[in-house]
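Residues per chain are reported as follows:
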Amino acid sequence: MSQVAPAPKPGWRAVGRALGNRKTGFMAVFGFAAGLPYSLLLGTLYAWLSDARVDLETMGVFSLIGLAYAFKFLWSPALDRINLPVLKRLGRRKQWIVTAQILLGAILVTLSRLDPVAALGLFSLLAGIGAFASATQDIAIDAWRVDVADEVATIDMLSTVFQMGYRIAALVGGAVSLILADRIGWPTVFLTMGVILLAAGAICLFAPDTDADAQAERADDALAELRFAGQLTPRVRAVALGGVGLLWGWALAVVVVFMVRSLGAEPEQRPDAVDFVASTGPLIVLATIVLPSAIAAVLVYLQRSGRHLLVAEVPQQGVGGQVLDHLYRALILPLTELVGRMGWGLALALALVLTYRICDSIWGTFAYPFYLGELKYSKDEVAIASKFFGVGAIVLGLALGGTLLTVLGRMATLTLGAVLAAVTNLLYADLALGGARMALLSDVLGVTWLVEHLGGEPRLGALMVTIGTENLATGIAGAAYIAWLSSIVSKRYSAVQYALLSSLTLLVGTLGRGALGKLIEDQGYYRMFVLVTWIGSVAIVLSLLEWWRTARKNAA
């Protein structure tokens, strides 16, 4: 098994060694290159469209490019097996990363030369291609992080540095771009961002990577093993592959048809994106993860019980047999490896994946209505508190989380992050009641004094302290979560396994927002924040159980 190695013995010296490692430096560049196009294509682009007087209906259709990120796991098997001509010399993962960065840079430069109103068709097409390229880059970068981790550049430190680069890119692609747009114009902003991504692609040419040819050779060995005695018979493998293939094919077809109908139909005939995610989203996850995992569990059971196995090595069964073996390795083996290695622990891991980030994802849609509508802060005040002060707090939290991972250990930090993520919702609950306690804390910390001397309203201090504390907790929890998620995937199938697991992360938050909005309307924000705190306690319990499971496994 080629599972990611456990975290090394915690200690302060390990922090210094990891930060000085070459892989860690490139991880920061990769994180920035991943965060910048996401921020631009799913956020800042809409500000440009608004300035260009593009109607809201059209902008709503533009938002569908975000589906590329939500369902990126559907084409993740290709990145584990397909090599690009000539570019495969760059390395197994780097061939995709560098290609995506150069393509994204070229797309942003091209967008800067277009009028979003006069050339709306080409503009939307390029934005959609950019989203798919960005999502593909994310798959490859996540797999690269797992593949190159070692005892010096640990998976914990690489995960933390990646998120720091990602958050800084979100600040550059969001708030900084908005500020620059008022001074130099949107075309120049997107041209600048495109050049930055092209430069990132050039820098990443020198990053270390696993060898694509060596990996292909190991993959061929794995294919040959499928014909050895003791392996499942070709008929059983064909039935399993057919079942999983139909499920994944259906999911991919549903997503593609939805996007084509949305982008090509008249406004009144377009399907509702919210209804699609709420009604079809769970079915897609069932078809791509739950049912295939059940099929994989049956295959593991059959092999371990000695049923339907080859009694002797069989020769290759022509072109059809080769295709069957390649597809089986791409779709089935990542699942059987995960199920076989983790057993019932996979159910616990999936439950933790579904709930760990729920506290900072489920109510995010209602953040601005809460700040602007409920609390009556101005847009400038919210921008200062959430964008500049808030992003700084997240970066600080990530740095603290990375340090805690190395000093305290992965599971202790994961549990601490779950506790902090849940508890900080009570700070917002206080704001919903008037914010007396948060105002007092702001006074004690000197934030109110600072705000007043900079010309702001004293009440802004309470919002800054609340957002800052929550983002600090989010940074710690995020560093721990990504490190833990990266640690449970196998290096042999890192692209597929990580993409599958990470796709579940925001599922409950996405599907629960409708009910949460109804709760806010009926009972107010205070009740909502208390409820989210209780929901976060589920992640705390699951983190403790996972800590116990991991400790037992390591002891055994």
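Keep in mind that this is a model prediction, so the values were computed, not measured. Numbering of residues starts from 1 in each chain and follows the order in which that chain's sequence is written. Only residues with pLDDT of 70 or above have their local features reported here, since the model is predicted, and side-chain atom pairs are shown and tallied only from 80 upward, although totals for entire chains, interfaces and linings are computed over all residues. Remark: hydrogens and water are excluded; side-chain values derive from all non-hydrogen atoms of the structure.

K.L.:
What is the right way to read the overall build of the chain from this model?
P.N.:
Looking only at helices and strands, one finds 24 helices and 0 strands in the chain. Per-residue accessibility, obtained with a 1.4 Å probe over protein chains only, is compared with the maximum for each type, and a residue is labelled buried under 20%, exposed over 50%, and partly exposed between these values. For the chain, buried positions account for 53% of its 556 residues. When checking whether two residues touch, look at their non-hydrogen atoms; a contact exists if any pair is within 4.5 Å. For the chain, long-range pairs separated by at least 24 residues make up 84% of all intrachain contacts whose partners lie at least 6 apart in sequence. Here, Shrake-Rupley sampling with a 1.4 Å probe gives the accessible areas, and only protein chains in the shown set may cover a residue. Element-wise, carbon and sulfur atoms account for 66% of the exposed surface of the chain, whose accessible area totals about 24200 Å². The way it works is that DSSP assigns letters per residue, a run of H or I at least four long becomes a helix, a run of E at least two long becomes a strand, and they are numbered from the N terminus.

K.L.:
How should I be thinking about unusual backbone geometry in this particular structure?
P.N.:
Glycine aside, a negative phi is what most residues show, and trans is what most peptide bonds show. Of note in the backbone geometry, H308 takes a positive phi value of approximately 55° without being a glycine. Tracing the backbone through its elements, the reader meets H308 in the loop between helix 12 (273-304) and helix 13 (318-342). In this structure, K376 takes a positive phi of about 65° despite not being glycine. Tracing the sequence through the fold places K376 in the loop between helix 15 (367-374) and helix 16 (379-407). Classification of K376 as exposed rests on a relative accessible area of 60%.

K.L.:
Can you help me understand the environment of A34 in this one?
P.N.:
Mapping A34 onto the fold places it in helix 2 (residues 22-51). The exposure class assigned to A34 is buried, which follows from its relative accessible area of 0%. It is 8.0 Å that separates the C-alpha atoms of A34 and A169, two residues lying 135 residues apart in sequence. Not counting the four nearest positions on each side in its chain, A34 is found in contact with S134, Q137, D138, I141, F162 and Y166.

K.L.:
Which parts of the structure should I look at to understand the environment of V117?
P.N.:
For V117, the position within the fold is in the loop between helix 6 (94-112) and helix 7 (120-148). Overall, the relative accessible area of 47% leaves V117 in the partly exposed class. Distance in space between the C-alpha atoms of V117 and V54 is 6.7 Å, their sequence separation being 63 residues. When residues no more than four places from it in sequence are discounted, the contact partners of V117 are A52 and V54.

K.L.:
Looking at this structure, I do not really get the packing of aromatic side chains. What am I missing?
P.N.:
What describes a pair of aromatic rings is the distance from one ring centre to the other and the angle between the planes of the rings. In this analysis, rings of Phe, Tyr and Trp, with Trp reduced to its six-membered ring, are considered paired at centre separations within 6.5 Å, and the interplanar angle assigns stacked below 30 degrees, edge-to-face beyond 60, and tilted for intermediate values. Summed over all chains, the structure comprises 16 aromatic pairs. Note on Y38 and Y166: the rings are 6.3 Å apart at their centroids and 45° apart in plane angle, and the pair reads as tilted. Placement of Y38 in helix 2 and of Y166 in helix 8 (residues 155-184) is noted, with a sequence separation of 128 residues between them. Note on Y38: relative accessible area 34%, which makes it partly exposed. With 5.8 Å between their ring centres and 50° between their planes, F162 and Y166 make a pair best called tilted. On the criterion of helical spacing, the pair formed by F162 and Y166 is a turn pair, its members being 4 residues apart in helix 8. A residue is classified by how much of its surface remains accessible, and Y166, at 21% relative accessible area, is partly exposed. Grouping aromatic residues by their ring pairs yields a cluster made of F370, Y371, Y428, Y525 and F529.

K.L.:
Got a minute to help me understand the pattern of salt bridges in this structure?
P.N.:
Pairing between side chains becomes possible if they bear opposite charge and their charged atoms approach one another. Salt bridge, as used here: a side-chain nitrogen of Lys or Arg that lies within 4 Å of a carboxyl oxygen of Asp or Glu. On inspection of all chains with the given rule, the structure shows 8 salt bridges. The residue D156 makes a salt bridge to R410 at a minimum N-O spacing of 2.9 Å. Of this pair, D156 sits in helix 8 while R410 is found in helix 17 (residues 410-423), placing the two residues 254 residues apart along the sequence. Grouping residues by exposure puts D156 and R410 together as buried. D430 serves as the salt-bridge partner of R437, at 3.5 Å between the closest nitrogen and oxygen. Accessibility expressed as a relative area gives 63% for R437, which makes it exposed. Salt bridges sharing partners connect three or more residues here, namely R92, R93 and D147.

K.L.:
Is there a simple way to explain the packing of helix 16 against helix 17 in this structure?
P.N.:
The axes of two packed helices give the description: the angle between them and the distance between them. For the pair helix 16 and helix 17, interaxial distance at closest approach is 7 Å and the crossing angle is 140°. Relative to helix 17, the element helix 16 lies oblique. Read as a crossing pair, helix 16 and helix 17 show a hand that is right-handed. Across from G401, L404 and L405 in helix 16, the residues of helix 17 making contact are R410, T413 and L416. Note on residue classes: Ala, Val, Leu, Ile, Met, Phe, Trp, Tyr, Cys and Pro are nonpolar, Asp, Glu, Lys and Arg are charged, and everything else, Gly too, is polar. Along the lines of polarity and charge, the residues of the contact of helix 16 with helix 17 split into 3 nonpolar, 2 polar and 1 charged. Axis lines are fitted to C-alpha atoms, over the contacting stretch for helices. Their N-to-C directions set the angle, which ranges from 0 to 180 degrees. Throughout, the term roughly parallel applies to angles under 35 degrees, roughly antiparallel to angles over 145, roughly perpendicular to angles from 65 to 115, and oblique to all others. Helix crossings are classified by the rotation of the near helix relative to the far one: an anticlockwise turn of less than a right angle makes the crossing left-handed, while a clockwise turn makes it right-handed.

K.L.:
Would you take a moment to explain the nonpolar core for this structure?
P.N.:
Among soluble globular proteins, nonpolar side chains are generally buried collectively. We define a nonpolar core as any set of buried Ala, Val, Leu, Ile, Met, Phe, Trp, Tyr and Cys residues linked to one another through side-chain atoms lying within 4.5 Å. Among the nonpolar cores identified, the biggest contains 122 residues, and Y356, W363, F370, Y371, W484 and M528 are the most heavily contacted of them. Ranked by residue count, the leading element in this core is helix 21 (residues 460-487), at 14 residues. When neighbours within four sequence positions are excluded, M528 is seen to be in contact with W363, L516, L519 and I520. Core analysis: the second largest hydrophobic core is formed by 32 residues, A33, A127, A133 and V172 among them.

K.L.:
Explain the confidence of the model for the chain to me, please; I cannot follow it from the model alone.
P.N.:
Should pLDDT be low for a region, the predicted coordinates there are not to be read in detail. Per-residue confidence for the chain gives a mean pLDDT of 82, with 85% of residues at or over 70. Segment residues 5-9: pLDDT under 50, and 6 contacts once partners within four positions in sequence are set aside and those in other chains are kept. As a per-residue quantity, pLDDT reports the predictor's confidence and falls between 0 and 100.

K.L.:
What is the right way to read helix 18 (residues 425-432) from this model?
P.N.:
Within the span of helix 18, buried status applies to N425, Y428, A429, D430 and L431. A positive phi of about 125° marks G434, the residue just after helix 18.

K.L.:
Looking at this structure, how should I read a nonpolar patch on the surface?
P.N.:
Side chains of W250, L283, L286, V290 and L291 sit close together on the surface and give an oily, nonpolar patch of about 410 Å² of accessible area. Among the elements that make up the nonpolar patch, the one with the highest residue count is helix 12 (4 residues). For L291, the position within the fold is in helix 12. Taking the relative accessible area as the measure of exposure, L291 reaches 37% and is therefore partly exposed. Exposure above 30% relative accessible area and the lack of any salt bridge qualify a residue for a patch; like charges then connect within 9 Å, and the nonpolar side chains Val, Leu, Ile, Met, Phe, Trp and Tyr within 5 Å.

K.L.:
Whenever I open this one, the side chain of K94 confuses me. Can you help?
P.N.:
Residue placement: K94 occurs in helix 6. For the purpose of charge, His is not counted, nor are the chain termini; Lys and Arg are scored as positive and Asp and Glu as negative. One buried charge, K94, has no salt-bridge partner; the nearest side chain with opposite charge is D209, at 6.0 Å. Under the rule applied, a polar contact is a pair of N or O atoms within 3.5 Å (in protein, one hydrogen donor and one hydrogen acceptor; residues adjacent in sequence only if both atoms are side-chain atoms). A distance of 3.5 Å separates a polar side-chain atom of K94 from the backbone oxygen of L90. Setting aside residues up to four positions removed in sequence, K94 forms contacts with T99, C204, L205, F206, A207 and D209.

K.L.:
Could you clarify how one ought to interpret the packing of helix 2 against helix 8 in this entry?
P.N.:
Running from N to C, helix 2 and helix 8 point in directions that differ by 35°, and their axes come no closer than 6 Å. Crossing hand, helix 2 versus helix 8: right-handed. Per-class residue counts for the contact of helix 2 with helix 8 are 19 nonpolar, 9 polar and 1 charged.

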